[in-house]
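Read off the chains here:
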Amino acid sequence: MIYVLYDKPKKLEDMSFLTAAFEKEYKEIYPEWRCTSIKQMLSVCSTTVKRTKSGDTIVCWYDFMGVLCWWLSKLTNKKIKVIAINILLKDKNTTKNKVAKYLYKKALCSNSFAATVTTVEYGRYINEILNTKVNFTLLHDVYHQNYTLNKRVETKVNTVFCGGRNGRDWKLLFEVAKKLPKVTFNCVMPSALKEQFLGAMGDNVCVKTDIPESEFMEFLCESQLIAMPLDTEAPAGLTVYFQAASNNKMIITSDTVTTEGYLSDGCGALCKNTVEDWVDKIQYYLLHTNDADICAAKFKDFLENECSEEKYTETLWGMLAE
């Protein structure tokens, strides 16, 4: 039996597309609540592992729940296989991160655990920080067909957008904004972050906090470019990239092992971690709109061909069929 374990209720996110290519019997497990704490994850993972029999497989949509399922299977002597979808592990000098690395490394080195990564470069990065030689399966994050805004919004000239929660380098963005006083920076962030950076924001920064998805999308579509500095090599901002591409917006972002797998080769602009590089690229693509449009179109084509639901499910089934 194949068990597919998710991290949130079906009413919040219907992931049924994931099993479209499965050719064996399976059961989908949606928790009653969104799993945001270790306690909640452990509860759901423990219940799932208890249901399994020897030879069964658990596919975990959220990678850390896959790691937990593997550890629980070892502690309860269950002879099962676990597949964790798209590892997301940061490299920080904290006790919490060191514990996470230990848990991930033990699981990744086991023959009963398999994992995917969103880019080849990020897989190499994980092997480097963990000192492992894992053969990851490449599985680009899935590009759904429902990211396009269903209403017409007029693009405002000389505007850039940055929004989201985790992994954004707001400090760098606001430093860039100060160097471009004639450019409006449209930002969406949690209210706590707004308070934290209030003193760093210039008059050309327009901030909205904790807004609904529809308003987020309109704000994005009003902007001429997406400019998203990142403070991590781990996957971050991919949903916003997909939303931008679907609405034909060009993306400027940090050059990381994750973004290289999506936005290199003319699909976007990758920046070094310097204010000067960001200023230069933002100025260039605001002025050269045709070049920006070419990048946006190329990235959208890449997503439609390499990140489709069909390709995603076929890759996952290929892992299960091995």
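Note that this is a predicted model, so its numbers are computed, not measured. (Residues numbered from 1 in each chain as written. Predicted model: local features only at pLDDT ≥ 70, side-chain atom pairs only at ≥ 80, totals over all residues. Heavy atoms only, no water.)

**Looking at the nonpolar core**
Stated precisely, the cut-off is as follows: Among the buried residues, those of types Ala, Val, Leu, Ile, Met, Phe, Trp, Tyr and Cys that are joined through side-chain atoms within 4.5 Å form a nonpolar core. Burial classes: relative accessible area under 20% of the type maximum marks a residue as buried, over 50% as exposed, and values in between as partly exposed (1.4 Å probe, protein chains only). Here, two residues are considered to be in contact whenever any of their heavy atoms come within 4.5 Å of each other.
Formed by 63 residues in total, the largest nonpolar core has its most connected members in Phe185, Ile282 and Phe299. Apart from residues no more than four positions distant in its own chain, Phe185 is found in contact with Val160, Leu173, Val176, Ala177, Leu180, Asn204, Val205, Cys206 and Ile282. Judged by nonpolar contacts, the second largest core, of 39 residues, contains Tyr3, Cys69, Leu103 and Val134.

**What about the sheet that holds strand β6 (residues 137-138)?**
What counts is decided by this rule: Note: two strands are recorded as paired if DSSP finds a minimum of 2 bridges between them. Strands here are runs of E lasting at least two residues and helices are runs of H or I lasting at least four, both read from the DSSP assignment and numbered beginning at the N terminus. Here an axis means a line fitted to C-alpha atoms, over the contact stretch when the element is a helix, while the angle between two N-to-C directions is reported on a 0 to 180 degree scale.
Taken in spatial order, the six strands make up an open sheet running β2-β1-β3-β4-β5-β6, and their pairing is parallel. Strand pairing shows two members of the sheet lacking a second neighbour, β2 (26-29) and β6, which therefore form its edges. With four bridges connecting them, strand β3 (residues 57-60) and strand β4 (residues 81-84) associate as parallel partners. Looking at the pairing, Ile58 lines up with Val82 of β4. In this fold helix α12 (residues 309-321) packs onto β1 (2-5), β3, β4, β5 (113-117) and β6, with an angle of close to 160 degrees to the strand it touches most, β4.

**Focus: the sheet that holds strand β8 (residues 184-189)**
Strand order in the open sheet formed by six strands is β9-β8-β7-β10-β11-β12, with parallel pairing between adjacent strands. For this open sheet the edge positions go to β9 (205-209) and β12 (269-271), each flanked by a neighbour on one side alone. Along the sheet, successive strands turn relative to each other by an average axial angle of 20 degrees, direction set aside. Here three bridges tie strand β11 (residues 250-254) to β12, and the two strands are oriented parallel to one another. By the bridge assignment for β12, Ser254 is matched with Cys271. Each of β7 (159-163), β8, β9 and β10 (225-228) is contacted by helix α7 (residues 213-222), which is oriented at about 145 degrees to β7, the strand it contacts most.

**Quick look at the side chain of Thr256**
Within the secondary structure, Thr256 is located in the loop between β11 and α9 (260-263). In this structure, Thr256 is in contact with Thr232 and Glu233, ignoring residues within four places of it in sequence.

**Quick notes on the pattern of salt bridges**
Formally: Put simply, a salt bridge is a Lys or Arg side-chain nitrogen that is within 4 Å of an Asp or Glu carboxyl oxygen.
Per the stated rule, a full pass over the model turns up nine salt bridges. A salt bridge links Asp7 to Lys8; the nearest nitrogen and oxygen atoms lie 3.2 Å apart. Of the two residues, Asp7 and Lys8, both sit in the buried class. The salt bridge involving Arg165 is made with Asp210; its shortest N-O contact spans 3.8 Å. On the criterion of sequence distance, the pair formed by Arg165 in the loop between β7 and α5 (170-179) and Asp210 in the loop between β9 and α7 is long-range, its members being 45 residues apart. When its relative accessible area of 55% is taken as the criterion, Arg165 is described as exposed. With a relative accessible area of 45%, Asp210 lands in the partly exposed category.

**Concerning the packing of α5 against helix α10 (residues 275-287)**
Rules: By definition in this entry, angles of less than 35 degrees are roughly parallel, angles greater than 145 are roughly antiparallel, angles of 65 to 115 are roughly perpendicular, and the rest are oblique. The crossing is said to be left-handed when, going from far helix to near helix, the turn is anticlockwise and less than a right angle, and right-handed when the turn is clockwise. We call Asp, Glu, Lys and Arg charged. Ala, Val, Leu, Ile, Met, Phe, Trp, Tyr, Cys and Pro are nonpolar, and the rest, Gly among them, are polar.
For the pair α5 and α10, the least separation of the axes is 9 Å and the interaxial angle reads 60 degrees. In terms of orientation, α5 lies oblique with respect to α10. Read as a crossing pair, α5 and α10 show a hand that is right-handed. Here Leu172, Glu175, Val176 and Lys179 of α5 lie close against α10, whose contacting residues are Val275, Trp278, Val279 and Ile282. In terms of residue class, the contact of α5 with α10 is built from six nonpolar, no polar and two charged.

**Things to note about the state of the cysteines**
Rule in force here: By definition, disulfides here are pairs of cysteine sulfur atoms that lie within 2.5 Å.
For the structure shown, the criterion picks out zero disulfides. No disulfide involves Cys69; its nearest neighbouring cysteine sulfur is the one of Cys45, lying 3.7 Å away. Cys69 sits in the buried class, given a relative accessible area of 0%.

**What to know about helix α4 (residues 120-130)**
Buried within α4 we find Tyr122, Gly123, Tyr125, Ile126, Asn127, Ile129 and Leu130. Contacts made by the buried residues of α4 are with α3 (95-108) and β5. Of the residues flanking the end of α4, it is Asn131, one or two places downstream, whose phi is positive at about 60 degrees.

**Some remarks on the packing of helix α2 (residues 63-75) against α3**
One way to put it is that α2 packs onto α3 with a least axis distance of 10 Å and a crossing angle of 70 degrees. Classed by the angle they form, the pair α2 and α3 counts as roughly perpendicular. Relative to α3, α2 is oriented so that their crossing is left-handed. Contacts between α2 and α3 involve Asp63, Phe64, Val67, Trp70 and Trp71 on the former and, on the latter, Tyr102, Leu103, Tyr104, Lys106 and Ala107. Residues belonging to the contact of α2 with α3 are distributed by class as follows: eight nonpolar, no polar and two charged.

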